[in-house]
Amino acid sequence: MSLELRGLAAGYGAGPIIAGIDLDVHAGEIVAVMGRNGMGKTTLLRALMGETRIEGGSVSLDGRRLERLPSHAIARAGLGYVPQGRAIFKDLTVAENLRLGQFASNPKTGNREFDLSVFPVLKERARQRAGTLSGGEQQQLAIARALAGDPRIVLLDEPSEGVQPSIVEAIGMLLQRLAAERTIGILLVEQQLDLAVDIADRTVLLEKGRIEAVFDGRELRRDPQRLVDRLGI
Amino acid sequence: MDAALILLLDTTNYVLAVILVAIGLVVIFGLMRIINMAHGELFLLGAYAVLVVQQALGSFWLGLLSAPIVVGLCGLVIEVLVIRFVYTRFLDAILATWGLSILIKQAVVLAFGPQSQVVTPPFDVSLMLLGTAYPAYRLFIMAMALVLVAATLALFLATPFGLKARATIADRKMAACLGIDTRAVDRWTFALGAALAGFAGAVMAPIMSVDPYMGLGFLIPAFLTILVGGIGNLWGPLGGAAIVGGGDTVISNLISPVAAQIFVLAIAIVVIRLFPQGLAGGARRNR
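Residues numbered from 1 in each chain as written. Chains lettered and ligands numbered in written order. Predicted model: local features only at pLDDT ≥ 70, side-chain atom pairs only at ≥ 80, totals over all residues.

Caption draft 1: Quick look at the overall build of chain B. A tally of regular secondary structure across chain B gives 11 helices and 2 strands. Ordered by position from the N terminus, the helices and strands of chain B form the series α-α-α-α-β-β-α-α-α-α-α-α-α. On C-alpha atoms alone, chain B measures out to a radius of gyration of 19 Å, which is about the 19 Å that the 2.2 N^0.38 rule sets for 287 residues. Each of the three principal axes of chain B carries a C-alpha extent, and together these read 60 × 55 × 35 Å. A burial count over chain B gives 45% of its 287 residues as buried. In chain B, 72% of the contacts between residues at least 6 apart in sequence involve partners at least 24 apart. (Helix = DSSP H or I, 4+ residues; strand = E, 2+ residues; numbered from the N terminus. Rg over C-alpha atoms; globule rule 2.2 N^0.38 Å. Buried ≥ 20, exposed ≤ 12 C-beta atoms within 10 Å, placed from the backbone. Contact = placed C-beta atoms within 7 Å.)

Okay, structure coming up:
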């Protein structure tokens with residue numbers, strides 16, 4: 001069970017922003033994508049979700065080609081998405097946001113039991129408007145909403161953005177738990193070095209829209225300076 | 001006392017009739033941001049649907065049931081052939097639906113002629129209300145308007161379709177990334193708006209002369225209702241209908257129809273100046 005990208009190129013019309021991307025994300029694996037601002041990290045995830053035009057290459061999930069499908073069909077095929085800025089529906093309740101997530105696996109009614117045991121705070125606040133949650137709670141909601149659709153791979157775009165350090169740590173532990181216990185593959189775009197280094201099995205460095213280097217997670221945890229040097233931070 | 005009660009009933013009747021006509025417009029404009037200039041013609045198609053069924057089968061009720069289905073299907077075809085190409089083009093959408101309104105009107109003239117026709121009401125009795133006789137069919141219209149508002153609210157607040165539609169309005173791209181087919185939501189929302197217009201036309205047909213221009217009389221109050229009330233939520237248009245319909249009927253009765261028109265337009269101008277998003281959208285904030 002894996003997501004396979006081969007020679008992927010994507011952009012907004014005036015030449016590709018990312019090109020020649022070859023990458024696999026397997027079940028239960030966390031792959032982090034790092035790079036400086038403007039290197040194409042968000043474009044990569046948007047292209048996988050059908051939001052940015054794919055100009056070349058292929059994307060397949062368990063052998064099923066996705067690169068020509070519209071966003072809703074990609075979600076139904078098994079890709080969950082937590083975008084930058086979370087994009088929760090602030091005027092809807094927490095329960096309604098979670099129910100929306102379920103339409104990916106149950107397009108007609110979205111009506112199914114959803115296990116909220118790893119998100120106790122969301123269970124308590126199910127009837128509350130999502131816009132009234134704190135930043136960390138909103139991030140949990142965005143992750144829970146993506147999981148509600150029973151995805152095989154989850155794409156997360158900077159889940160630590162605007163969230164306090166203790167919550168970032170909790171999110172990191174949650175992602176590790178999801179990968180280990182539910183064998184969900186995770187493709188994580190992250191600016192925060194600590195989170196990516198702590199939890200990723202592999203870390204990919206993106207430079208000018210291309211993969212410049214791939215680091216093994218365990219080696220990187222022993223010597224994070226290698227990545228720091230390449231990032232120039 | 002009698003005169004006051006009749007005025008109150010007439011006002012309520014007109015307000016609810018405006019709501020009945022406006023609700024389809026609210027769905028299409030509020031959810032899809034399409035100013036549907038052909039709404040009056042969808043209304044008239046509903047009236048002609050009931051006319052045709054009544055003439056062919058002798059049943060008003062069958063006509064009332066078939067009108068929203070027929071006009072809803074017309075709406076579906078219109079969405080697929082025209083509307084889907086102009087969703088993000090505000091002015092083009094106005095022009096396209098205006099063109100459609102002319103097309104539908106002229107098609108009706110060709111099929112049925114320009115003359116007025118009559119739909120017979122299913123019952124022609126009056127009920128005594130506090131000692132005053134009032135036509136039962138007008139009370140039926142009022143009840144239908146309330147049922148339609150309740151059903152529309154229930155559809156959008158308590159069904160999976162409503163949840164998908166509200167998510168699509170709030171953030172179309174994110175809704176799609178959650179597996180919601182936003183194109184299908186657009187298609188069915190437009191068809192629903194058309195069906196509501198058709199149902200309104202069928203319900204109103206017995207108290208109007210059915211002719212190719214009948215949509216215009218209610219279209220302007222319906223648009224003013226949306227402008228005044230706003231479309232932030234479904235309560236806005238209800239308030240707008242109360243102001244537009246209520247003001248029109250009361251001033252028409254107390255002063256004159258011309259004074260009523262002046263009042264309604266003046267109110268619309270003042271509200272748009274102070275509340276650009278309508279009353280439901282809140283007041284303009286000074287910088």
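Caption draft 2: Expanded view of the interface of chain A and chain B. The interface is formed by 24 residues belonging to chain A together with 16 residues belonging to chain B. Of all the secondary-structure elements, those providing two or more residues to the side of chain A that touches chain B are helix 2 (71-77) and helix 3 (94-102) of chain A. Of the residues assigned to the side of chain A that touches chain B, the class counts are 12 nonpolar, 6 polar and 6 charged. (Nonpolar A, V, L, I, M, F, W, Y, C, P; charged D, E, K, R; others polar.)

Caption draft 3: Region of interest: the sheet that holds strand 2 (residues 16-26) of chain A. Residues and elements named next belong to chain A. Pairing within the open sheet is antiparallel, and its 4 strands lie in the order 2-1-4-5. Sheet topology places strand 2 and strand 5 (64-65) at the edges, where each strand pairs with a single neighbour. Bridge count for strand 4 (residues 53-61) against strand 5 is 2 bridges, and the pairing is antiparallel. Counterpart to Leu61 in the pairing with strand 5 is Arg64. With respect to the sheet, helix 1 (residues 41-48) is in contact with strand 1 (2-11), strand 2 and strand 4, its orientation differing from that of strand 2 by roughly 70°. (Pairing = 2+ DSSP bridges. Axes fitted to C-alpha atoms, helices over the stretch in contact; angles between N-to-C directions.)

Caption draft 4: Seen up close, the sheet that holds strand 9 (residues 202-207) of chain A. All names here are of chain A. The strand order across the open sheet built from 6 strands is 6-7-8-3-9-10, with neighbouring strands paired in mixed fashion. Each edge of the open sheet carries a strand with a single partner, namely strand 6 (79-82) and strand 10 (210-216). Pairwise comparison of adjacent strand axes, ignoring direction, gives a mean angle of 20° for this sheet. Relative to strand 8 (residues 185-189), strand 7 (residues 153-157) runs parallel, the two being bridged by 5 bridges.

Caption draft 5: Main features of helix 5 (residues 136-158) of chain B. For helix 5 of chain B, built from 23 residues, the straight-helix expectation of 33 Å at 1.5 Å per residue is met to within 8% by its first-to-last C-alpha distance of 32 Å. For helix 5 of chain B, the full list of buried residues reads Arg138, Ile141, Ala145, Leu148, Val149 and Phe156 of chain B. (Expected span 1.5 Å × (residues − 1).)

Caption draft 6: Quick peek at the pairing of strand 2 of chain A. Bridge analysis of strand 1 of chain A against strand 2 of chain A gives 7 bridges, and the strand direction is antiparallel. By the bridge assignment for strand 2 of chain A, Ala10 of chain A is matched with Ile18 of chain A.

Caption draft 7: Unusual backbone geometry, seen in detail. Residues and elements named next belong to chain A. In this structure, Asp150 takes a positive phi of about 55° despite not being glycine. Tracing the backbone shows Asp150 in the loop between helix 5 (135-148) and strand 7. Of note in this structure, Glu158 is not a glycine but carries a positive phi near 50°. With respect to the helices and strands, the residue Glu158 is situated in the loop between strand 7 and helix 6 (165-181).

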